[in-house]
Amino acid sequence: MINKQWILKSFPRGDIADTDLVLEESNLREIGEQEILIRNIYLSLDPANRGWMSGQASYVDAMKIGDIMRGGTIGIIEKSNNEKFQVGDYVNSMGGWQNYSISSGKGVQKIPQNTGFELSAFMSVMGMTGMTAYFGLLDITDPQEGETLVVSAAAGAVGSIVCQIGKIKGCRVIGISGSDEKCNWLKNELNIDGTINYKTEDVRARLKELCPDGIDIYFENVGGKITEAVLTRMNIKSRISLCGLISGYNSESLVPGPAWGHLLIKRIKLQGFIIFDYQKRAMEAFQDLGKWIVEGKIKYKNDIVPGLENASSAIKKLFAGENHGKLIVQISEE
Ligand SMILES: NC(=O)c1ccc[n+]([C@@H]2O[C@H](COP(=O)([O-])OP(=O)(O)OC[C@H]3O[C@@H](n4cnc5c(N)ncnc54)[C@H](OP(=O)(O)O)[C@@H]3O)[C@@H](O)[C@H]2O)c1
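Residues numbered from 1 in each chain as written. Predicted model: local features only at pLDDT ≥ 70, side-chain atom pairs only at ≥ 80, totals over all residues. Heavy atoms only, no water.

Points about the pattern of salt bridges
And step 1. Counted by the stated rule, this structure contains 18 salt bridges.
And step 2. In this structure, Arg206 engages Glu201 in a salt bridge whose closest nitrogen and oxygen atoms are separated by 2.9 Å.
And step 3. Each of Asp139, Arg281 and Glu284 takes part in salt bridges that share partners, so that together they form one network. (Salt bridge = Lys/Arg side-chain N within 4 Å of Asp/Glu carboxyl O.)

Re the site of the ligand
And step 1. Around the ligand sit 26 residues in total, of which Lys182, Tyr198, Phe273, Ile275 and Asn323 are the nearest.
And step 2. The separation between an oxygen atom of the ligand and a polar main-chain atom of Ala157 is 2.8 Å.
And step 3. A distance of 2.6 Å separates an oxygen atom of the ligand from a polar side-chain atom of Tyr198.
And step 4. Bound to the protein, the ligand loses 89% of the 910 Å² it would expose on its own.
And step 5. At the level of secondary structure, the elements contributing two or more residues to the shell around the ligand comprise helix H3 (157-168) and helix H10 (316-320).
And step 6. Taken together, the residues of the shell around the ligand sort by class into 15 nonpolar, 10 polar and 1 charged.
And step 7. Two domains each put at least three residues into the shell around the ligand: domain 1 (2-124 + 301-330) and domain 2 (128-276). (Near = heavy atom within 4 Å. Polar contact = N/O pair within 3.5 Å; in protein donor to acceptor, adjacent residues only side chain to side chain. Areas by Shrake-Rupley, 256 points an atom, 1.4 Å probe, with all protein chains shown as cover. Helix = DSSP H or I, 4+ residues; strand = E, 2+ residues; numbered from the N terminus. Nonpolar A, V, L, I, M, F, W, Y, C, P; charged D, E, K, R; others polar. Domains from an automatic or database assignment.)

Focus on the pairing of strand S4 (residues 73-80)
Strand residues, when the strand is regular, have side chains that alternate between the two faces of the sheet.
And step 1. Two strands pair when backbone bridges link them, and strand S3 (residues 36-44) and S4 are joined in this way by 7 bridges, in the antiparallel orientation. Note that in S4 the partner of Ile38 across the bridge is Ile77. (Pairing = 2+ DSSP bridges.)

A closer look at empty space enclosed by the protein
Gaps left between atoms show up when a probe the size of a water molecule is rolled over them.
And step 1. Enumeration according to the criterion identifies 2 cavities of 30 Å³ or more in this entry.
And step 2. If you trace the largest cavity, you find it lined by Ala155, Ser160, Glu181, Lys182, Trp185, Lys301, His324 and Gly325.
And step 3. When residues in the lining of the largest cavity are grouped by element, the largest group, 3 residues, is from helix H4 (residues 180-189).
And step 4. Of the residues that constitute the lining of the largest cavity, the class distribution is 2 nonpolar, 3 polar and 3 charged.
And step 5. For the lining of the largest cavity, the two domains that each supply at least three residues are domain 1 (2-124 + 301-330) and domain 2 (128-276).
And step 6. Approximately 40 Å³ is the volume attributed to the second largest cavity.
And step 7. In terms of lining, the second largest cavity is formed by Ser124, Val125, Thr129, Gly156, Ala157, Ser160, Ile161, Tyr300, Lys301 and Lys326.
And step 8. Ranked by the residues each element gives to the lining of the second largest cavity, the list is headed by H3, at 3 residues.
And step 9. Broken down by class, the residue content of the lining of the second largest cavity amounts to 4 nonpolar, 4 polar and 2 charged. (1 Å grid on protein atoms, 1.4 Å probe; cavity = no way out; pocket = protein on both sides within 12 Å on 5 of 7 lines; lining within 4 Å. Points joined across faces, edges and corners; volume = space filled by probe spheres on them.)

Things to note about the packing of helix H2 (residues 128-141) against helix H8 (residues 282-294)
And step 1. Taken N-terminus to C-terminus, the directions of H2 and H8 make an angle of 100°; their axes are 9 Å apart at the nearest point. Accordingly, the angle class assigned to the pair H2 and H8 is roughly perpendicular. Of H8, the residues touching H2 (which contributes Gly130, Met131, Tyr134 and Phe135) are Ala282, Glu284, Ala285, Phe286, Asp288, Leu289 and Trp292.
And step 2. Of the residues contributing to the contact of H2 with H8, the split by class is 8 nonpolar, 1 polar and 2 charged. (Axes fitted to C-alpha atoms, helices over the stretch in contact; angles between N-to-C directions. Parallel < 35°, antiparallel > 145°, perpendicular 65-115°, else oblique. Contact = heavy atoms within 4.5 Å.)

Observations concerning the packing of H2 against H3
And step 1. The interhelical angle for the contact between H2 and H3, taken along N-to-C directions, is 50°, at an axis separation of 8 Å. Classified by the angle between their axes, H2 and H3 sit oblique to one another. Considering how the two elements wind past one another, H2 and H3 form a crossing that is right-handed. For the pair H2 and H3, contact is made by Thr129, Thr132, Ala133, Tyr134, Leu137 and Leu138 and by Ala157, Val158, Ile161, Val162, Ile165 and Gly166, respectively.
And step 2. Each residue belonging to the contact of H2 with H3 can be placed in one class, and the counts come to 9 nonpolar, 3 polar and no charged. (Left-handed = near helix turned anticlockwise from the far one by under 90°.)

Some remarks on the domain arrangement of the chain
And step 1. By the assigned domains, the chain splits into domain 1 (2-124 + 301-330) and domain 2 (128-276).
And step 2. Centre-to-centre, using C-alpha coordinates, domain 1 lies 29 Å away from domain 2.
And step 3. Contacts between the two partners involve 18 residues from domain 1 and, on the opposite side, 15 residues from domain 2.
And step 4. With both chains or domains summed, domain 1 and domain 2 bury close to 1,400 Å², and 58% of this area falls on carbon and sulfur atoms.
And step 5. For domain 1, the biggest contributors to the area lost against domain 2 are Tyr59, Lys301 and Phe319; these three give 28% of the whole.
And step 6. The tally of links from domain 1 across to domain 2 stands at 6 residue pairs in polar contact (both at pLDDT 80 or more).
And step 7. With 3 residues, H10 is the largest single contributor of residues to the side of domain 1 that touches domain 2. (Buried area = accessible area lost by both parts, 1.4 Å probe.)

Structural notes on the nonpolar core
And step 1. Leu149, Ile165 and Leu289 are the most contacted members of the largest nonpolar core, which totals 48 residues.
And step 2. Elements represented by at least two residues in this core include exactly S3, S4, H2, strand S8 (148-152), H3, H4, strand S11 (215-220) and H8.
And step 3. Take this core: its biggest share by element is 7 residues, from H2.
And step 4. Apart from the residues within four sequence positions on either side, Ile165 is in contact with Ala133, Tyr134, Leu137, Leu138, Leu289, Trp292 and Ile298. (Core = buried A, V, L, I, M, F, W, Y, C linked by side-chain atoms within 4.5 Å. Buried < 20%, exposed > 50% of the residue type's maximum accessible area, 1.4 Å probe, protein only.)

Here you go:
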């Protein structure tokens, strides 16, 4: 059997170039003792992929030139020599940008069947994306009724769930995003209290209008100028959940930082987090998120691009703001 795989050929400089990743074919070997063969169905495209490609180690090992591009996948088991997995099981794993992956089973998690949720939801709201929003907001900032919550990249996969959990917890929610269409969706469909289009509006002036009592919680997805504007309106003893800094991921030099003096003077609590740390508590998030979806309190969008061959061009959508919801590549039929 032939396996198509995206191979890292060079570490990107600035934006990801077409030549950094190349689609190659190889022969799929037979599985060994205790191994499983997974046919990958969905591939998660994430802003973090850009960091993994950089050649620098961070919270995970650095990728090397010649590696199969790293990525989260949902797949179905087609062969198993491992008693923990049966043919036909749907699983979540780091299967990589390829049609098939062979695994020892380490780090492979079964996806519950007949739950009523579509399979791709386990890659977004009922997967790592939902967990990131859930723990990043609730565990790090402990939102209280009546508090003002500001979310950047608010219409994105993580941001849109954060906005809705904020509403469930009784916060006034203000979302910052990069188009009127996304702002309208946040206001009209997700019923948040106010929106700012950072590409066409003066963020600092609009925050002043929309947050007359200041900001109690900031959910940080972006960094740079937006953070600078948000910090000026943060309240004393407010909290920041430092989830991501996408505005700097393609930058070759350090992005000019915000004025951190605001944190000091206002005794703001800021905490970064990596969602992998919460793996053991995943069920807490999924029980609440599942209930909220069924009750109609949480809506989500998956932006599904067909075809593994389109993965390398599709990931650029994340940095251009062209994805609408969780960006996923469909590799094969469910
Ligand atoms: N800490 C963790 O464990 C963890 C886990 C998952 C994700 N994250 C972080 O969460 C953030 C959101 O990730 P996601 O997967 O949900 O992606 P996403 O928000 O669905 O997609 C990324 C969005 O970022 C916005 N963006 C891109 N470049 C920007 C720029 N220069 N300035 C302002 N906004 C920009 C775009 O929306 P606009 O149209 O609004 O510009 C784009 O649609 C990222 O920073 C990611 O690294 C962290």
